[in-house]
Every structure is written in C-alpha cells, then in structure tokens.
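# Structural overview
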Amino acid sequence: MQVKKIPNVDAIRGGEKHSGELHLTEHHIIFAFPPTLPDGASPSPNPPKTREVYIAYPIISNCFFRPCPSISGRPSSIRLRCRDFMFMNFNIPDEIHAREAFEHIRIRTCRLGTVEKLYAFSYQPLKAEAPLDGWHLYDPRAEFRRQGISTKSVDRGWRVSLINKDYAFSPTYPGLLVVPSKISDNVIKYAGSYRSRQRIPVLTYLHSLNNCSITRSSQPMVGFRGNRSIQDEKLVSACFSASATVEFNGMEAAGQETAEPSPSSSLADLRGDRQDPDTSDTERLEDELIAGNDANVDAKTGKRLVYGAQQSNLIVDARPTINAVVMQAMGKGSENMDYYNFAKKAYLNIENIHVMRESLSTVIEALKDGDISRLPPNRELLVKSNWLKHITGILDGSALIARQVGIRHSHVLIHCSDGWDRTSQLSALSQLMLDPYYRTIEGFIVLVEKDWMSFGHMFQQRSGPLNSEKWFVVEKDAMAGSAIPPGESDGRAGEAFENALASAKRFFNKNRNNEINVDSDGDGLGSPPDDPSQTKKPAPGMPGASEATRPNEVSPVFHQFLDATYQILRQHPNRFEFNERFLRRLLYHLYAGQYGTFLWNSEKARKDARASERTRSVWDYFLSRKPEFINRDYDATIDDRQSGHERLLFPKLSDVRWWYQLFGRSDAEMNEYLDLAAARDEKIGGYAMGGMPGSFASPPSNGGKSPRPPSSPQPPSLPISKSVLTGVESAHEALTPEQRSAVNNPASLKHSASADTPGAFATNLAKIRDGVTGLDLGRGLFGISGSNTGGGSGSGSGNESGSSSAPRKGEQEMTDMSTTALVCIV
C-alpha cells in the first residue's frame, strides 16, 4: 500500500494545535503526532507512542482548500468537516504539498466511480471479527415466527407469500412478504400497479399480545381523476381485519382484584376509566382527534367502553398535507377514504428530505468553527435549524402509532411517498416502543435489518458514499485576506469563468429544480429506475447513475432514526441493552464505507452485488466488541404490574435534547439555552399558579406507570400542545386540530368530493391549483405565478424561541385545505 507522507503539518481540532505528519493512504487520512505532555511533567526516557487520528474518505462532508504561496510565510490549509461531526484543519507550509494532498483526497473521495472501490471491498477483518457472520443474523422467517406467524402455528390471519421471491414483482421489496391469509397472490399481483413501485401494504410487525398489526407501503396512484383499485382496497381491508384468534377481543378489562398473570401492557394501562396522568396534552389531543365521534358505548350491551377498548384502525400518511396534494397532481397522492371506510387516515407534518437536509446544514453551520475554536456553538443557528422540532415530530408520530397498536388495539398502515424514508423511521421507532426485544442488541440489529435493509432504503442516495465534487471547494486567496500575487493566477481566471457559467445555470434552472424538489421524499422524479437496463451507461471514470451522489437527494433520514432512538434511550436509561456509544458508532459506520451493510438500497441490490461474499457486515464490528456497547444499567425485567418494567415505552416529547456526544460538544454547550428557557417558563408558570414555586416539582402519582425522567427543559418552540398530527380523515369527514371542537357535532363536518360526485374532477383540479399556489411548482403545473414561500418543502427556518409570529403561507393553505376535506379528493 502506497502512503504519501507530508511532514511538519499542524492539525487544529477543538482549538488545540498538534504538530505531526500527515499520511495519505488509499482509504484513509492518518494524522500521526506525539502525545502532549501535561504541564510540569518531565519527558520519559522511552519515546512516547505516536498517536494517530484516522479519517475515512467517505465520511468527509466538506473539504475547503485555501492555497497560500510558500513565499508569503503563511501556510496553506485544508479544512475538513466530517459527517460524524469531527472538524479538523490541517496547516501545510508547502503550497505544492498542500495542493497534492487536496487532489489526493478529492480523487479518493468523489472520483471513485463505483462503490466497489470503497474500503469495504478490501477490508480484512480483525481476528475477533473473522469468525462472525453478521450478514445472516436476520432471518425473516425466524423473525416473523417470533411474532407468531408460521405455517406450523395457529393461523393468526397472516401468511408468507413468495410472489416476490425473484424480486420481479417489486425490486425494492423483500423477497419474502407477509400478507393477509385470505388474500391470494393473484389479488396482490393486480393490487401492485396501484402502489408506487409496487410497494403494496405488507406486514412488518404483529403485536403478540393483541394481534394488532403495523403494515407499510408506498403511496397510491390516485392522480387527478381519482383512480381506485378494488384489489388494493381488499388488501388494506384484509390487513385491518386479520384478527383471527385475538386473545383479548371482546374481553373486558379485569378488575384490580383479579389475580391473573401479567397481562398485556394495553390492559394493564387501561384499567378503569381513567386517563394516564402523565399523558401529555399533545397525546390526549391526538387520541381525541383520531377517536373523533367514535361511539363510547357498546351498542349491544349498552356498557360504556373503557379507553382503548374501541378499535380505530388508521392509515398514517407521514407527509404534510400540501405535499400529498402536490403528489396527486403528479399522478400519485393519498387514499380517498370513501373507499377505505373501514379506517381513518391521519396526516403527519413530517417534512421532506430537503427540509431535513437544510436543517442539518444549519446545525453544521452553528458548529463549523469547532476545529479552530472552543467557543460554544452559535445558538441562534441551533434554534433556527428546527432540528429538535423535527426529531420531536418523528417521535410524536411514532408514539401515536404505538398507542394505536398497543393501547387502542388497532391496526395501522404507514406510508409516505415511496415508503422508504419517513415510513422506515415511523415503523422502526413504533416497534421499538412496543416490543422490548428490539431494545436488545440482537433485537435492534434485527429491527434495522428488517425495516431498513430488507424493506429498502436509499442508502446510496441519502448517505452519498461516493461524495460530490460540489463539496470540495478551493477558496481564493482574497478570501484569506490577501490579493493574488502578480503572475500567480494559476488558472483562476478560467475557474472564475466556469463559476460564472455555473451561477447562470443555477439561476435559469431554479424553477425547474424547485418543481422536482416538491416530491415529499425527493425520491420520485429523481429516483433511479427499478430496472437497471433503463440506466444510462456512465462515461469512463464517472459514477454510475444509480451510484452517483446527487447532493439534492442526500438527507439524514437514518441519522434522525438514530437520534430519535437516543432520545428514548436517554429518557429510559435502564430499558435498553445497548448504550449511547453503540448508536454513535453506528452512525459513523453509516458513512465510513468500511463495511458493506449500508452501501446498497435493497435486498435485491445486495444479492446482485454478492455483498455477503465480497464485504463484511457492520454487525461483525459490534458483536466482536460487544462489552464496549453494553448498557451497565440495563434491566431486562418485563412485568406490566411493576412500575418501570412495563412492556410499552413512550417518549416524553417535552424532554427532547441535543445529542451532544454526537456533535462533539458538552451538554452545557448544546443544551444550556434549553435549561434557561425551561427555568424561565417554569418561573412564569409559578407566578401564574398564584406564586406556588413547588407546584411543578411534585408530579402526580403515576398509577403504576413507567417512571418518567426528571423534568427536563422544553425547547422554546415546542409547546406541549403542538402536535405532528395535522388532520384526520374518514369517509366523508376531515378533522384538523382546529376543528376538534366539532368532533362531537358530526353535522358540522363538510363532505369531501368523491369520484362519483358530479363535477368532481373540476373541483379536485381547482383545489389542487389552490393548494400549490404558494409553491414555485405552480408555475410549471398551471401557469400561475406562485410565491417562493414554501408550504410543505420549506427550509426549516422556523423559530424555536416560542415567540408568536404570523403563520407561513404554506401552513395557512394546509389548514384551509384540511378544513374543506381537500385531502379526500380523488
């Protein structure tokens, strides 16, 4: 292995400077330097061992090169920002060496051409990893057998289908699909064309205690004319009625004196007629909104139903309402609930990949000087990023799903656009809340393999392992505070001309790009085709179309899943077998390219590439070092009658904090402003309660619930009544949080337009036109002039300070559309 060595390099990290030698290998940057002796310590007679810092090329998110002529006496610098939030600045005194280093890094980071040139394909496992085989830890048949689905067990309403065994039916789906027993493969075949990429509703989780299910799919192909599919309606109906041998159907909650074994958490939680005193206003609002005008009395017996005894099956569309409407204009959309009258539909205001990418970029801006300075991060930018708001929204939506399944004994179908971004987040997190198995190391590995790897996620697009030329920037000397020396243009005039052309192209393509970005997940128009034969062959030395990193498709989707998991782990520190470092190292390996686990988008792609034969699994790394990732406080006891050991686990939405360990900062640096805001709000609340400063210090009795973490600062922009739920629909009904006062007055609800309504097409077209007026997309679709105010795909620049401000136009449109049941258009 050739190693290029550059001596006399100063590396600055966290405001500390170390002098050493820079080694550039085929797959890593290695900075070797002697350890710094403590003040007053005498040097050891034996030379101290050199310390080394490794930086994998794929983990670089930005590289800034500032050349300075050697005669100026100032060093050239290479400044790195890494995806694991390590920031490092290398000062190199020789300009030629600095240029060579920059080009070496750029070539091996973004000019590889294929993932097969990444380190994963040449990595040789350490001795402890060699005997392990992480590729085969997940066996779908074994996992669904654990959930109770097997040909040898009692029929619980589900069966294994092999319709996709050769991946011809849906290339992005698993080869083994679990579908309702009463649905034939022939029905599935015809239902496939109605779902984007044939990602039909299939089972991912069956709650063993009440036989309620979580299914997942992609969006339906509704379009302008309100297309429908009888087969899809049958399939969804069967998913929601697959309740054979349900253990608790028709069973009243037992009295307190009943001495049966530990019941399901649902029944234990719902004894009597009371509400959980620890349930937040947000959760109560969501449950109330979803319940709507459901009957609270059993029509047969006349008895009042206890909370949770009534079933309310739910279709969860994770997208903001406006995004779903825009997708309907593009031939896709969301279910018309007139045809799915056996369920309700909830819209979640979880933003698209573009908003999330911009949010994380703003966080990075707040931290970007972490290499040269130990100053605290820019708190205004942290607030502006809305990152905590997004994490809270994802947790809120996941908890809503978990409550529906575990408490309300209901079935849930989750989808977003193509069903592999927000759908994976919500599905995996809700299962983490429902099933203690997934909180073990083995179970968490199975969960990731099932809901991210097997069901498919666009890791190549979202993580961008081949990087992008756009992320490598050569800064001008003038930017460093000096003019370009005479005769030292070094081709900069040509570069300036190219930059001017690029700026012009960006200007003229701005509207077109905005149209593409309106797709809620960013994975519609710009996605690679399922059929590899449709992919254009790349030029020599350039990445293939399906592997090339497109910066507008990169987004921290899996990162957010790990962040949300961290929030639950922090709030319930003794309920997880793994520790915080396990999650942090998993994020590192998401980007590092050392293992093959995260290099492909689907089960089919991994098999086609022979990933298990040519690369190692990331799980080999974790299992060979398992003691490092064990949570010493873990308590595996599950007893629904004992506080703190219940099966179900829910996040406290007001206790979402910055994952400061990941960002390389202290808790005080990242979260102090939240402490101050919470203390201020508590003080104001104390005055409002009549000067009772201790009124918030004594929480009400939890009545046998899981212990809640200590009161934690609430992010200023996250009032507890702010729900991710933006509206609930059922046949001929649409409810929004603003309409909750009308829940008990069905006559006041407006009906939606269905395909059978006279003039429905014209009505739907007008509604869609109104819905996209606030988006720049409108100019391309209807020839209208729209403002640049984004509704569903904004930049996430909201205020977390809690100050009141006028609602954005997009938000107002969303509210108006929900009020008129727009999302039921066909």
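Residues numbered from 1 in each chain as written. Predicted model: local features only at pLDDT ≥ 70, side-chain atom pairs only at ≥ 80, totals over all residues. Heavy atoms only, no water.

This part covers the side chain of Ser463. Within the element layout of this structure, Ser463 appears in helix H13 (residues 459-463). Discounting chain neighbours no more than four positions away, the residues touching Ser463 are Arg83, Met458, Leu590 and Tyr591. (Helix = DSSP H or I, 4+ residues; strand = E, 2+ residues; numbered from the N terminus. Contact = heavy atoms within 4.5 Å.)

We now examine the sheet that holds strand E15 (residues 472-474). Ordered in space as E4-E3-E2-E1-E7-E6-E5-E15, the 8 strands form an open sheet in which the pairing is mixed. Each of the sheet's edge strands pairs with one partner strand only, and the pair in question is strand E4 (51-56) and E15. Neighbour-to-neighbour, the strand axes of the sheet open up by a mean angle of 25°, direction not taken into account. Two strands pair when backbone bridges link them, and strand E5 (residues 60-66) and strand E6 (residues 76-82) are joined in this way by 6 bridges, in the antiparallel orientation. Looking at the pairing, Phe64 lines up with Arg79 of E6. Sitting on the sheet, helix H1 (residues 95-110) is in contact with strand E1 (4-13), strand E2 (16-24), strand E3 (28-33), E5, E6, strand E7 (87-92) and E15, with an inclination near 155° to E15. (Pairing = 2+ DSSP bridges. Axes fitted to C-alpha atoms, helices over the stretch in contact; angles between N-to-C directions.)

Further remarks concern the confidence of the model for the protein. Mean pLDDT over the protein: 78, with 67% of residues reaching 70 or higher. Taken together, the stretch residues 244-275 has pLDDT below 50 and engages in 57 contacts with residues farther than four places along the chain or on a different chain. Scored below 50 in pLDDT, residues 478-494 shows 16 contacts in the model against residues more than four places distant or in partner chains. (pLDDT = per-residue confidence, 0-100.)

By size, the foremost hydrophobic cluster in this structure holds 155 residues, and its most contacted members are Ile29, Ile55, Phe90, Phe444, Phe558 and Trp658. Considering each element in turn, this core owes the most residues, 10 residues, to helix H10 (residues 387-406). If we ignore the near neighbours within four places in the chain, the residues touching Phe558 are Val448, Trp452, Phe459, Leu586, Leu590 and Phe598. The next biggest cluster of nonpolar side chains, apart from the first, holds 11 residues, and it includes Ala120, Phe121, Leu466 and Leu599. (Core = buried A, V, L, I, M, F, W, Y, C linked by side-chain atoms within 4.5 Å. Buried < 20%, exposed > 50% of the residue type's maximum accessible area, 1.4 Å probe, protein only.)

This brings us to the pairing of strand E16 (residues 725-730). Side-chain direction in a regular strand flips from residue to residue, so the side chains alternate between the two faces of the sheet. In terms of residue burial, E16 counts as a mostly covered element, since 6 of its 6 residues are buried. With 4 bridges joining them, strand E13 (residues 344-348) and E16 adopt antiparallel strand pairing. When the bridges of E16 are listed, Lys345 appears paired with Glu729.

Here we take up unusual backbone geometry. You will see that Asn8, though not glycine, has its phi angle at about 55°, which is positive. Tracing the sequence through the fold places Asn8 in strand E1. Among the residues examined, Asn8 registers a relative accessible area of 61% and is labelled exposed.

When charged atoms on two side chains of opposite charge get close, those side chains can pair. All chains considered together, the criterion is met by 35 salt bridges. The closest approach of N and O atoms between Glu669 and Arg374, which form a salt bridge, is 3.7 Å. With Glu669 in helix H21 (residues 667-688) and Arg374 in the loop between helix H8 (353-367) and helix H9 (379-385), this pair connects stretches of sequence that are 295 residues apart. Here Glu669 falls in the buried class, since its relative accessible area comes to 12%. On the basis of relative accessible area, Arg374 is assigned to the partly exposed category, the value being 48%. Between Asp421 and Arg462 there is a salt bridge whose closest N-O contact spans 2.8 Å. Taken together, the residues span a long stretch of sequence, with Asp421 in the loop between strand E14 (412-415) and helix H11 (422-434) and Arg462 in helix H13 at a distance of 41 residues. Just as Asp421 is buried, Arg462 falls in that class too. Three or more residues are tied together by salt bridges with common partners; here these are Glu103, Arg106, Arg111 and Glu469. (Salt bridge = Lys/Arg side-chain N within 4 Å of Asp/Glu carboxyl O.)

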